[in-house]
Amino acid sequence: MDFLAILSDPAAWASLAALTALEIVLGIDNLIFLSIVASRLPVHQQNAARRIGLSLALLMRLALLASIAWIVSLTQPIFSVGEFDVSWRDIIMLVGGLFLLAKGTLEIHHTMEEQHKEGTKAGSTFTAAIIQIVLLDIVFSLDSVITAVGMAEHLSVMVTAVIISMIVMLVAAQPVGDFVNRHPTVKMLALAFLVLVGTMLVAEGFHFHVPKGYIYFAIAFSAGVEALNLLARRRRLAKAH
């Protein structure tokens, strides 16, 4: 089907809208991780790290979409352990999940240590931050592209949805990062989300499918409770002044 035919196809537009919304939701994990990693850099480097990280994520997604046949092959078993079939996707999900679990746990430890040691703050180099972002971009990009391949029939629809979702993430990256930096409790909640997502990825690597709706409902519920706490804290401060 040519491009003009796709533009006149209502099903293609519906697929684009649904896939774009799903890609934005899937990108929340990536954005949270990116904000946490960038927050350990000097303030003048944080925006650059976010932009570079998201730009690399976009390029990675587009490159993977251009290799759809290879992406599909990643879900095929490469070896078996008893009755357990292992694919490259399983290995990537398992390694990425373990990395997120380790990173989330270490960041929680550093955050708590900073609260007990006034005036100290463990930093990170710009190169190290970019390397961490790229490693997780690979995991999140693979999951995002496999979802796109499963939901849409046309490559142009997949590419458009990915580009729109990444533009939304680029616009939201700085406000989200600044908000997380200003509110320590929000940062702790974001780190808990990283641990939760890491656990989900490890489960996926072992073929235990966890419906993403449950994960995102837990995240949305926790974020809603924290939003109420922030509003209540703001009102208390307003009354105190």
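In every chain, residue numbers begin from 1 and rise along the written sequence. Owing to the predicted nature of the model, reporting of local features is limited to residues with pLDDT of at least 70; listing and counting of side-chain atom pairs is limited to 80 or more, with chain, interface and lining totals taken over all residues. Hydrogens are left out, water is left out, and the side-chain values use all remaining heavy atoms of the structure.

> When you look at the overall build of the chain in this model, what are you seeing that I'm missing?
In this text, helices come from DSSP runs of H or I with a minimum length of four residues, and strands from runs of E with a minimum of two, each type numbered from the N-terminal end. When you go through the chain residue by residue, the secondary structure sums to nine helices and two strands. Going from the N terminus to the C terminus, the chain shows its helices and strands as α-α-α-α-β-β-α-α-α-α-α. Here's how the labels work: a residue is buried when its accessible area is under 20% of the maximum for its type, exposed when over 50%, partly exposed in between, all with a 1.4 Å probe on protein chains only. Within the chain, the fraction of its 241 residues that count as buried is 38%. Considering only intrachain contacts with a sequence separation of at least 6, the fraction spanning at least 24 residues in the chain is 81%. Per element, the accessible surface of the chain, about 12800 Å² overall, is 71% carbon and sulfur. Contact criterion: two residues are considered in contact whenever any of their non-hydrogen atoms come within 4.5 Å of each other. Per-residue accessibility takes into account occlusion by the displayed protein chains alone, with areas from the Shrake-Rupley method and a 1.4 Å probe.

> Can you walk me through the side chain of arginine 61 in this structure?
Relative to the elements of secondary structure, arginine 61 occurs in helix H3 (residues 43-65). For arginine 61, a relative accessible area of 2% gives the class buried. Residues contacting arginine 61, with those up to four places away along its chain left out, are Asn30, Phe140, Ser141, Ser144, Val145, Val162 and Met166.

> Help me out: how do you make sense of the layout of surface pockets in this one?
Over the atoms a probe the size of a water molecule is rolled, and this reveals where empty space is left. Considering only enclosed or pocket space, the largest pocket measures out at about 390 Å³ in volume. Looking at the largest pocket, it is lined by 20 residues, and the ones nearest its centre are Phe179, Val180, Val186, Phe193 and Ala223. Contributing elements (two or more residues each) for the lining of the largest pocket: helix H2 (10-38), helix H7 (155-182), helix H8 (184-205) and helix H9 (212-240). With nine residues, the single largest contributor to the lining of the largest pocket is H9. The residue inventory of the lining of the largest pocket, partitioned by class, reads 17 nonpolar, one polar and two charged. A 1.4 Å probe that fits but cannot get out identifies a cavity on a 1 Å grid over protein atoms alone, an open set with protein on both sides within 12 Å along at least five of seven lines counts as a pocket, and a residue lines either if it has an atom within 4 Å of a point. Grid points are joined across faces, edges and corners, and a volume is the space filled by probe spheres set on the points. Throughout this entry, Asp, Glu, Lys and Arg are counted as charged residues, while Ala, Val, Leu, Ile, Met, Phe, Trp, Tyr, Cys and Pro are counted as nonpolar. The remaining residues, Gly among them, count as polar.

> What am I meant to see in the packing of H2 against H3 here?
Lines are fitted to the C-alpha atoms to define the axes, a helix being fitted only along its stretch in contact, and any angle between axes, read from their N-to-C directions, falls within 0 to 180 degrees. Between H2 and H3, the least distance of the axes is 9 Å, while the angle of their chain directions is 145°. Handedness of the crossing formed by H2 with H3: right-handed. Contacts from Asn30, Leu34 and Ala38 of H2 reach H3 at Gln46, Ala49, Arg50, Gly53, Leu54, Ala57 and Arg61. Grouping the constituent residues of the contact of H2 with H3 by class yields five nonpolar, three polar and two charged. Helix crossings fall into two classes, left-handed where the near helix is turned counterclockwise from the far one by less than a right angle and right-handed where it is turned clockwise.

> Honestly, the packing of H7 against H8 in this entry has me stumped. Any pointers?
Two measures define how a pair of helices packs: the angle their axes make with one another and the distance between the axes. Across the interface, H7 lies against H8 with an axial gap of 5 Å and an inter-helix angle of 115°. Considered as vectors, H7 and H8 are oriented roughly perpendicular to each other. Taking contact as the criterion, the partners of Phe179, Val180 and Arg182 in H7 are, on H8, Pro184, Val186 and Lys187. Of the residues assigned to the contact of H7 with H8, the class counts are four nonpolar, no polar and two charged. By the definition adopted for this analysis, an angle is roughly parallel if under 35 degrees, roughly antiparallel if over 145, roughly perpendicular if from 65 to 115, and oblique otherwise.

> Which parts of the structure should I look at to understand the packing of aromatic side chains?
Each aromatic ring pair is summarised here by two numbers: the centre-to-centre distance and the angle between the ring planes. Each aromatic pair joins two rings of Phe, Tyr and Trp (for Trp, the six-membered one) with centres within 6.5 Å, and gets the label stacked for planes under 30 degrees apart, edge-to-face for over 60, and tilted for any other angle. By the definition in use, this model includes two aromatic pairs. Ring geometry for phenylalanine 84 versus phenylalanine 206: centroids 6.3 Å apart, planes at 40°, classification tilted. A residue pair is termed long-range when its members are at least 10 positions apart, and phenylalanine 84 in strand E2 (residues 84-87) and phenylalanine 206 in the loop between H8 and H9 qualify at 122 residues. Given the relative accessible area of 26%, phenylalanine 84 is considered partly exposed. Seen in terms of ring centroids, phenylalanine 217 and phenylalanine 221 are 6.3 Å apart; in terms of plane orientation they differ by 25°. Their pairing is stacked. With a gap of four residues between them, phenylalanine 217 and phenylalanine 221 both fall in helix H9, about one helical turn apart. Residue phenylalanine 217 is classed as exposed on the basis of its relative accessible area of 61%.

> Please clarify how the confidence of the model for the chain should be interpreted in this entry.
Residues shown with low pLDDT carry predicted positions that ought not to be read at fine detail. Known as pLDDT, the predictor's per-residue confidence is scaled from 0 to 100. A residue-level look at the chain finds 89% of positions with pLDDT of 70 or above and a mean pLDDT of 79. For the chain, per-element mean pLDDT is lowest for helix H1 (residues 3-7), which scores 59, and highest for E2, which scores 88.

> What is the right way to read the nonpolar core from this model?
Across soluble globular proteins, you tend to see nonpolar side chains buried next to one another. Counting residues in hydrophobic clusters, the biggest one holds 50 residues, and the most contacted among them are Ile36, Leu100, Leu194 and Leu201. Residue assignment for this core shows that the elements contributing at least two residues are H2, H3, helix H5 (88-116), helix H6 (126-151), H7, H8 and H9. It is H2 that contributes the most residues to this core, eleven residues altogether. With residues near it in sequence (within four places) discarded, leucine 100 still touches Phe33, Leu136, Phe140, Leu194, Val197, Gly198 and Leu201. To define a nonpolar core, start from buried Ala, Val, Leu, Ile, Met, Phe, Trp, Tyr and Cys residues and group those joined through side-chain atoms within 4.5 Å.

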